[in-house]
Amino acid sequence: MRHIDKAAALLIAGACTMGVAAAAGPDYGKMAHDMLSSDFRSKGPATVERVSQQDDVQKICSEQPAARARKVDAKIEASQLKTIVYPADGVWLGKWEEGEKIAQNGRGMQSSDAVGSVNGGNCYACHQLRKDEISFGNIGPSLYQYGKLRGQSAEIVRYTWGKIFNSQAFRACSSMPRFGHNGILTEAQIRDVMALLLDPASPVNQ
Ligand code: HEC
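The rules behind these values
Residues numbered from 1 in each chain as written. Predicted model: local features only at pLDDT ≥ 70, side-chain atom pairs only at ≥ 80, totals over all residues. Heavy atoms only, no water. Donors = N, O, S within 2.8 Å, 3.2 Å for Na, K, Ca; no water. Tetrahedral: all angles 85-135°; square planar, octahedral: opposite > 155°, others 65-115°. Helix = DSSP H or I, 4+ residues; strand = E, 2+ residues; numbered from the N terminus. Near = heavy atom within 4 Å. Polar contact = N/O pair within 3.5 Å; in protein donor to acceptor, adjacent residues only side chain to side chain. Nonpolar A, V, L, I, M, F, W, Y, C, P; charged D, E, K, R; others polar. Contact = heavy atoms within 4.5 Å. Core = buried A, V, L, I, M, F, W, Y, C linked by side-chain atoms within 4.5 Å. Buried < 20%, exposed > 50% of the residue type's maximum accessible area, 1.4 Å probe, protein only. pLDDT = per-residue confidence, 0-100. Salt bridge = Lys/Arg side-chain N within 4 Å of Asp/Glu carboxyl O.

The chain carries the name Sulfur oxidation c-type cytochrome SoxX in an unreviewed UniProt entry, which gives Rugamonas apoptosis as its organism.

Quick look at the structure:
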């Protein structure tokens, strides 16, 4: 994604130095939105609203990255930080065995799923987690030995929960889903994924 940002920035910079005024062309954003709203149909948990309606943060994140100042990112992070719901009972860690299943599970919120069915977290799609799993994506950093390297201090536990609950609280416009904020994972599921990352007995920390 980064190289696309760079290309866009270069294009804009190029246009400016050449003194080319941006012609008012077709509004592709609006056209795409209108097409999604009129041609797509909701089916099960895959609702048209999920792709046709953006919340305030998504709207800002869809703008040209070059036009988004760090000031704006800080604002997004502050607003998203406020949305995080921490476990009221003080229980942060569940079972890593369940967390592993959630991390492996890429199902959920698709048109073939029943409304209200349990979603997966699909963490392996973007992260390395345990050493003996060789099928993983690398959009996100490797989380192998996450707990072993960082320990279980109150700050780390709280940060990790917050990152999973709403990734944008710590990085505006992150490509990591906002699992808690958007109701993708339940509190109990987040606990299990937390254990996968932080429990010393978890294969992530071997
Ligand atoms: C679509 C890709 C994607 C998915 C799916 C994803 N992540 Fe991430 N994750 C990222 C990216 C990218 C980062 C780097 C920081 C950022 O951009 O937010 C990240 C960062 C993190 C971090 C912070 C790492 C650090 O060094 O502080 C944690 C913890 C994390 N992810 C956990 C998870 C867990 C647990 C899941 C599954 C429930 C998950 N991620 C699913 C993309 C993803």
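A.B. asks: Honestly, the coordination of the iron atom of the ligand in this entry has me stumped. Any pointers?
C.D. replies: In an ideal octahedron of six donors the angles at the metal are 90 or 180 degrees, and in an ideal tetrahedron of four donors they are 109.5 degrees. Binding of the iron atom of the ligand to the protein goes through His127 (NE2) and Met176 (SD), at separations of 2.0 to 2.2 Å. Around the iron atom of the ligand, the six donor atoms are arranged such that angles at the metal cover 84 to 179°; this shape is classified as octahedral. One end of the pair, His127, is in the loop between helix H6 (96-104) and helix H7 (146-150); the other, Met176, is in the loop between helix H8 (154-165) and helix H9 (187-198), with 49 residues separating them in the sequence.

A.B. asks: I keep staring at the site of the ligand and nothing clicks. Help me out?
C.D. replies: Taken together, 21 residues are adjacent to the ligand, and Cys123, Cys126, His127, Tyr159 and Met176 come closest. Within the contact set of the ligand, a nitrogen atom lies 2.8 Å away from a side-chain nitrogen or oxygen of His127. Separating an oxygen atom of the ligand from a side-chain N or O atom of Arg150 is a distance of 2.6 Å. For the shell around the ligand, the secondary-structure elements that each account for two or more residues are H7 and H8. For the shell around the ligand, the per-class residue count stands at twelve nonpolar, six polar and three charged.

A.B. asks: Whenever I open this one, the side chain of Glu77 confuses me. Can you help?
C.D. replies: Within the fold, Glu77 resides in helix H5 (residues 70-81). Every residue in contact with Glu77, bar those within four places of it in the chain, is listed here: Arg70, Gln168, Ala169, Phe170, Arg171 and Ala172.

A.B. asks: Can you help me understand the nonpolar core in this one?
C.D. replies: Nonpolar side chains in soluble globular proteins tend to be buried together. With 24 residues, the main nonpolar core has Leu129, Ile164, Ile190, Met194, Leu197 and Leu198 as its most contacted residues. At the level of elements, H6, H8 and H9 are the ones that each hand at least two residues to this core. Looking at this core element by element, the count peaks at six residues for H9. If near-sequence neighbours (up to four positions away) are discounted, Leu129 is found in contact with Ala103, Cys123, Tyr124, Leu143, Tyr144, Gln145, Leu196, Leu197 and Val204.

A.B. asks: Mind showing me how you'd approach the confidence of the model for the chain here?
C.D. replies: Regions with low pLDDT carry predicted coordinates that are not meant to be interpreted in detail. Model confidence for the chain is summarised by a mean pLDDT of 88, while 89% of its residues fall at 70 or above. Across residues 1-21, confidence stays below pLDDT 50; counting only partners more than four residues off in sequence or on other chains, it has eight contacts.

A.B. asks: Teacher, can you tell me more about the pattern of salt bridges here?
C.D. replies: Where charged atoms from two side chains of opposite charge come close, those side chains can pair. Under the definition given, this model contains eleven salt bridges. Between Asp89 and Arg191 there is a salt bridge, and its shortest N-O distance comes to 3.1 Å. Pair noted here: Asp89 is in the loop between H5 and H6 and Arg191 is in helix H9, with a separation of 102 residues, a long-range link. Taking the relative accessible area as the measure of exposure, Arg191 reaches 13% and is therefore buried. Members of the salt-bridge network, linked through shared partners, are Arg68, Arg70, Asp73 and Glu77.

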